Amino acid sequence: PVYLIYLGRLANLIVWLALIFIAIRITPVGKWVFGAIALNPASMFLAPTLSPDTFASGVIAVVVALVLYWKSKNTKLSRKNIILLLATFMTIVLIKNVYAPVVLILLALPSGVMKNRLKVGIIAILAIASISWNIQALPMAAGIPGYFGVTDHVSVIDQMHFIAHNFHSFIKILAW
């Protein structure tokens with residue numbers, strides 16, 4: 001199992017590097033910005049982990065680069081490019097729902113590149129896919145122990161009660 005963990009981490013790092021490389025190659029502006037974000041300590045720490053966030057951050061970088069490329073090109077997108085855009089956004093949305101607002105970057109494309117009805121349609125398709133995925137996946141994950149439940153017997157109500165009645169202590173704890 002240890003070898004598999006290291007292999008998984010290495011594979012995640014290689015895929016992340018490839019996606020960042022593609023994003024830097026595609027973008028017409030801000031190549032140094034993409035490089036600086038990739039060399040950010042948080043990104044560098046996340047890259048060789050087994051987290052799905054590594055892949056998601058790489059795909060998001062590619063999507064932002066594609067949007068910048070198509071915006072600078074200012075020509076109508078082909079059907080192939082729309083399918084590519086939909087597939088990358090679908091990948092992002094299905095990795096984690098937290099990344100769903102990234103879809104709103106579509107609104108940065110001018111109407112000459114993509115019609116507004118198509119933008120709204122893609123956003124609606126992705127929202128429906130995300131909701132339907134959650135409807136299917138959440139009941140399956142409920143049987144996994146400790147996935148959604150708290151395993152250390154901490155009561156949220158007791159925590160809120162502590163904060164409400166000991167606000168100065170809470171501030172001291174935060175400052176510490």
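Before any of the text, the structure's been laid out above.
Attention here is on the structure that accompanies the text. Given the structure is predicted, the values throughout are model-derived calculations rather than measurements.

1. Details of the packing of aromatic side chains
One pair of aromatic rings is described through two measures. These are the centre distance and the angle between the planes.
Piece 1. Taken as a whole, this structure holds one aromatic pair when the rule is applied.
Piece 2. On the numbers, 6.3 Å between centres and 40° between planes, the contact of Phe-167 with Phe-170 is tilted. With Phe-167 and Phe-170 both in helix H8 (residues 167-175), this residue pair falls three residues apart, about one helical turn.
Piece 3. Note on Phe-167: relative accessible area 45%, which makes it partly exposed.

2. Quick word on the layout of surface pockets
Take a probe with the size of a water molecule and roll it over the atoms, and the empty space left behind shows itself.
Piece 1. When its volume is computed, the largest pocket comes out at roughly 270 Å³.
Piece 2. Counting only elements with at least two residues in the lining of the largest pocket, the list comes to helix H1 (2-26), helix H2 (31-38), helix H3 (41-46) and helix H4 (52-73).
Piece 3. A total of five residues in the lining of the largest pocket trace back to one element, the largest contributor, which is H4.

3. Concerning the packing of H1 against H2
Piece 1. Between H1 and H2, the shortest axis-to-axis distance is 9 Å and the interhelical angle comes to 160°. Classed by the angle they form, the pair H1 and H2 counts as roughly antiparallel. In terms of crossing hand, the pair formed by H1 and H2 is right-handed. Taking contact as the criterion, the partners of Trp-16, Ile-20, Ala-23, Ile-24 and Arg-25 in H1 are, on H2, Lys-31, Phe-34, Gly-35 and Ala-38.

4. A few points about the packing of H4 against helix H5 (residues 79-95)
Piece 1. Packing of H4 against H5 leaves a shortest axis separation of 10 Å and a crossing angle of 150°. As the angle between them shows, H4 and H5 are arranged roughly antiparallel. Remark: the crossing between H4 and H5 carries left-handed chirality. Between H4, through Pro-52, Phe-55, Ala-56, Val-59, Ile-60, Val-63, Leu-66 and Trp-70, and H5, the contact on the second element is made entirely by Asn-81, Leu-84, Leu-85, Thr-88, Phe-89, Thr-91, Ile-92 and Ile-95.
Piece 2. Of the residues contributing to the contact of H4 with H5, the split by class is 13 nonpolar, three polar and no charged.

5. Quick look at the nonpolar core
Piece 1. In this structure, Trp-70, Phe-89, Ile-92, Leu-106, Leu-109 and Met-114 are the most contacted members of the largest nonpolar core, which totals 32 residues.
Piece 2. Secondary structure elements with two or more residues in this core: H1, H2, H4, H5 and helix H6 (116-141).
Piece 3. For this core, the leading source of residues is H4, giving 10 residues.
Piece 4. Contact partners of Ile-92, with chain neighbours within four places excluded, come to Val-59, Ile-60, Val-63, Tyr-99 and Val-102.

6. Observations regarding H5
Piece 1. Taking 1.5 Å per residue, 17 residues should reach 24 Å; H5 reaches 24 Å between its end C-alpha atoms and fits that length.
Piece 2. Regarding H5, the residues found buried are Ile-82, Leu-85, Thr-88, Phe-89, Ile-92 and Val-93. In an axial view of H5, the angular spread of the buried residues amounts to 135°, which keeps them on one side of the axis. Opposite its buried face, H5 presents the exposed residues Arg-79, Lys-80 and Ile-83, each directed more than 90 degrees away.

7. Side note on H4
Piece 1. Taking 1.5 Å per residue, 22 residues should reach 32 Å; H4 reaches 32 Å between its end C-alpha atoms and fits that length.
Piece 2. At the N-terminal boundary of H4, the capping side chain belongs to Ser-51, with an oxygen 3.0 Å from the backbone nitrogen of Asp-53.
Piece 3. Just beyond H4, the residue with positive phi is Asn-74, at close to 55°.

Conventions and cut-offs
- Residues numbered from 1 in each chain as written.
- Predicted model: local features only at pLDDT ≥ 70, side-chain atom pairs only at ≥ 80, totals over all residues.
- Heavy atoms only, no water.
- Phe/Tyr/Trp six-rings, centres within 6.5 Å; stacked < 30°, edge-to-face > 60°.
- Helix = DSSP H or I, 4+ residues; strand = E, 2+ residues; numbered from the N terminus.
- Buried < 20%, exposed > 50% of the residue type's maximum accessible area, 1.4 Å probe, protein only.
- 1 Å grid on protein atoms, 1.4 Å probe; cavity = no way out; pocket = protein on both sides within 12 Å on 5 of 7 lines; lining within 4 Å.
- Points joined across faces, edges and corners; volume = space filled by probe spheres on them.
- Axes fitted to C-alpha atoms, helices over the stretch in contact; angles between N-to-C directions.
- Parallel < 35°, antiparallel > 145°, perpendicular 65-115°, else oblique.
- Left-handed = near helix turned anticlockwise from the far one by under 90°.
- Contact = heavy atoms within 4.5 Å.
- Nonpolar A, V, L, I, M, F, W, Y, C, P; charged D, E, K, R; others polar.
- Core = buried A, V, L, I, M, F, W, Y, C linked by side-chain atoms within 4.5 Å.
- Expected span 1.5 Å × (residues − 1).
- Arc of directions from axis to C-beta.
- Polar contact = N/O pair within 3.5 Å; in protein donor to acceptor, adjacent residues only side chain to side chain.

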